[in-house]
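Survey of secondary and tertiary structure
Below are the chains, spelled out letter by letter.
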Amino acid sequence: PNDTRFINKKCNGGKANTAICNFDNGECEELNKFYPDCDLEGLSAIEGSDRVILGDGICDSVIYMSEECGYEYGDCGELVQNIP
C-alpha cells in the first residue's frame, strides 16, 4: 500500500504492527523479539492504537503501557517508575 507508516523506519502501533502487515513491514522486529507476550493483534483493535509509535521516546497513550509490551517499548517506562 501507499501508507507511509510501512516505510518510516519507526515501529507503528495499530494494524500496521500485526502479522498480516508483517509487523510494520519488519520495523517492529526488535519489539516483537524482546516482548513476545505483547498482544499486538488484540491491541490493534483499540481505537487510537494506529496513532502510537512504539520506541520513539514519547509516551503516546496507555494502549501499550504494560509490562508485556515493555511500557510502550520503553516510551512510558519513566512514567511507570514514578508511580508510588
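Only a predicted model underlies this, so the values are computations on that prediction, with no experimental measurement involved. (Residues numbered from 1 in each chain as written. Predicted model: local features only at pLDDT ≥ 70, side-chain atom pairs only at ≥ 80, totals over all residues. Heavy atoms only, no water.)

1. So, the environment of valine 62
The topology assignment puts valine 62 in the loop between β2 (53-54) and α4 (70-73). With 14 residues separating them along the chain, valine 62 and cysteine 76 place their C-alpha atoms 8.6 Å apart. (Helix = DSSP H or I, 4+ residues; strand = E, 2+ residues; numbered from the N terminus.)

2. Re the state of the cysteines
Inspection of the entire model under this criterion finds three disulfides. With its sulfur 2.1 Å from that of its partner, cysteine 11 forms a disulfide with cysteine 28. A torsion of 115° about the S-S bond marks the disulfide between cysteine 11 and cysteine 28 as right-handed. Linking cysteine 11 in strand β1 (residues 11-12) with cysteine 28 in the loop between α1 (22-25) and α2 (29-34), this pair joins segments that are 17 residues apart in sequence. The partner cysteine of cysteine 38 in its disulfide is cysteine 69, sulfur to sulfur 1.9 Å. Sign of the S-S torsion, about 90° for the bond between cysteine 38 and cysteine 69, identifies this disulfide as right-handed. (Disulfide = S-S within 2.5 Å.)

3. Overview of the packing of aromatic side chains
Per the stated rule, a full pass over the model turns up one aromatic pair. Judged by centre distance (6.1 Å) and plane angle (80°), the rings of tyrosine 35 and tyrosine 73 are edge-to-face. Taken together, the residues span a long stretch of sequence, with tyrosine 35 in the loop between α2 and α3 (40-43) and tyrosine 73 in helix α4 at a distance of 38 residues. Classification of tyrosine 35 by relative accessible area gives partly exposed; the value is 26%. On the accessibility criterion, tyrosine 73 (26% relative accessible area) is partly exposed. (Phe/Tyr/Trp six-rings, centres within 6.5 Å; stacked < 30°, edge-to-face > 60°. Buried < 20%, exposed > 50% of the residue type's maximum accessible area, 1.4 Å probe, protein only.)

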